[in-house]
Amino acid sequence: KEKRQVYDRHGEEGLKEHLKRSAGGGGGGNPFDMFFGGGMFGGQQHEEQKRGPDLNLDVHVTLKDLYLGKVVSVAHKKQTLCLNYEDCRTDDQSCIGPGMKMVTRRLGPGFVQQMQSQDPACGGKGYRLKRRCRACPKGLTESAEKILTFEVEPGMADGHVISLENEGDEFIGQLPGHVNFRVSTLPHPTFTRKGDDLFMDLHISLPESLVEFRKSFVHVDGHKVKISRKEVTKPFQVIRIIGEGMPLASNPSRKGDLHVKVIVDFPRKLTQEQKDTVLQIFGSGSSKKRSGKGKKSKKSRDDL
């Protein structure tokens, strides 16, 4: 398990260095002690080590990715420690930790004052690092690229954070921070998501709203959904289709619901023949009323 951890973190060269040091009697501790300054001071030092800063990034995914799930690979540039950085260390008891040293000042006979002070050369407790060293000709750290792979699971929520532990930049005397990917959903042309439910608009004609309609549309993952009504459909009426929403993150075999808002497309204008037909079917009473108004207006004009 230790060999696998070292190989995943530092590759083949790091594994060779780990085996070389283990053969020399340095085994038995944490496999990362040799890289992060804990080898000389035992397991307790490893527990006290600070962790470097986390890196927070957005990963943009489609609604289809969140519906079906997807494996995402990202090229990540990070700072890595030189494998032989320990050969660049020299003893210095004034160093009390990474980047910190203890300074002693004599204030007078029998009086001394100890103060903590920053010192970038301090690599850890009891040692400092030479910035120019033959063992690390490119410097104590160098930039390297690594492919990070993680899974976006079906039903995962927008804003969910996927954390890859110890994949941040490497610093002397510190554990690497984490790389956190925040899921950000790209807009979909048809569907919007709220929780586990999906929402969409469906356009139908005026005759279809009055009589009946049969429609079908393509869902997020490509399967067809059929919807029909044999009754009058009001404008902006919402039809719920159970089980056609997003997969539940806790149980992807179950799904939320799909809410379809019906948009009735009214004609821009009607011919006189169409108006008469509409009045004949729906507004015979209104037609008589209008006819009566017309006669009254004519009579008034005659009186003038």
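Above this text you will find the structure in question.
Draft legend 1. Expanded view of the pattern of salt bridges. Considering all chains together, one arrives at 11 salt bridges under this definition. With its nearest N and O atoms 3.5 Å apart, the salt bridge here joins Arg229 to Glu231. For Arg229, a relative accessible area of 17% corresponds to the buried category. Across the pair Arg240 and Asp257 runs a salt bridge, and its minimum N-O distance is 3.5 Å. Of this pair, Arg240 sits in strand S16 (residues 238-241) while Asp257 is found in the loop between strand S18 (251-255) and strand S19 (258-265), placing the two residues 17 residues apart along the sequence.

Draft legend 2. Inspection of the sheet that holds strand S9 (residues 161-164) at higher detail. Strands sit in the order S2-S11-S9 across an open sheet of 3 strands; the sheet is mixed. The open sheet has two edge strands, strand S2 (55-61) and S9, and neither has a second partner. Each strand of the sheet is rotated relative to its neighbour by a mean of 25°, with strand direction disregarded. Two strands pair when backbone bridges link them, and S2 and strand S11 (residues 179-185) are joined in this way by 7 bridges, in the parallel orientation. Note that in S11 the partner of Val59 across the bridge is Val183.

Draft legend 3. Structural detail: the state of the cysteines. Within the structure shown, the criterion is met by 3 disulfides. Residue Cys82 pairs covalently with Cys136 via a disulfide, S to S 2.1 Å. Across the disulfide from Cys82 to Cys136, rotation about the S-S bond amounts to roughly -90°, and the bridge is consequently left-handed. Here Cys136 lies in the loop between strand S7 (122-129) and strand S8 (141-152) and Cys82 lies in the loop between strand S3 (70-81) and strand S4 (89-97), a separation of 54 residues in the sequence. The same class applies to Cys82 as to Cys136, namely buried.

Draft legend 4. View of the side chain of His76. Here His76 is to be found in strand S3. For His76, a relative accessible area of 6% corresponds to the buried category. In this view, His76 contacts Leu55, Ala144, Glu145, Lys146, Leu148, Glu167 and Val179; residues no more than four positions away in its chain are not counted.

Rules and cut-offs
- Residues numbered from 1 in each chain as written.
- Predicted model: local features only at pLDDT ≥ 70, side-chain atom pairs only at ≥ 80, totals over all residues.
- Heavy atoms only, no water.
- Salt bridge = Lys/Arg side-chain N within 4 Å of Asp/Glu carboxyl O.
- Buried < 20%, exposed > 50% of the residue type's maximum accessible area, 1.4 Å probe, protein only.
- Helix = DSSP H or I, 4+ residues; strand = E, 2+ residues; numbered from the N terminus.
- Pairing = 2+ DSSP bridges.
- Axes fitted to C-alpha atoms, helices over the stretch in contact; angles between N-to-C directions.
- Disulfide = S-S within 2.5 Å.
- Contact = heavy atoms within 4.5 Å.

None of the figures reported here should be taken as evidence of function without further support.
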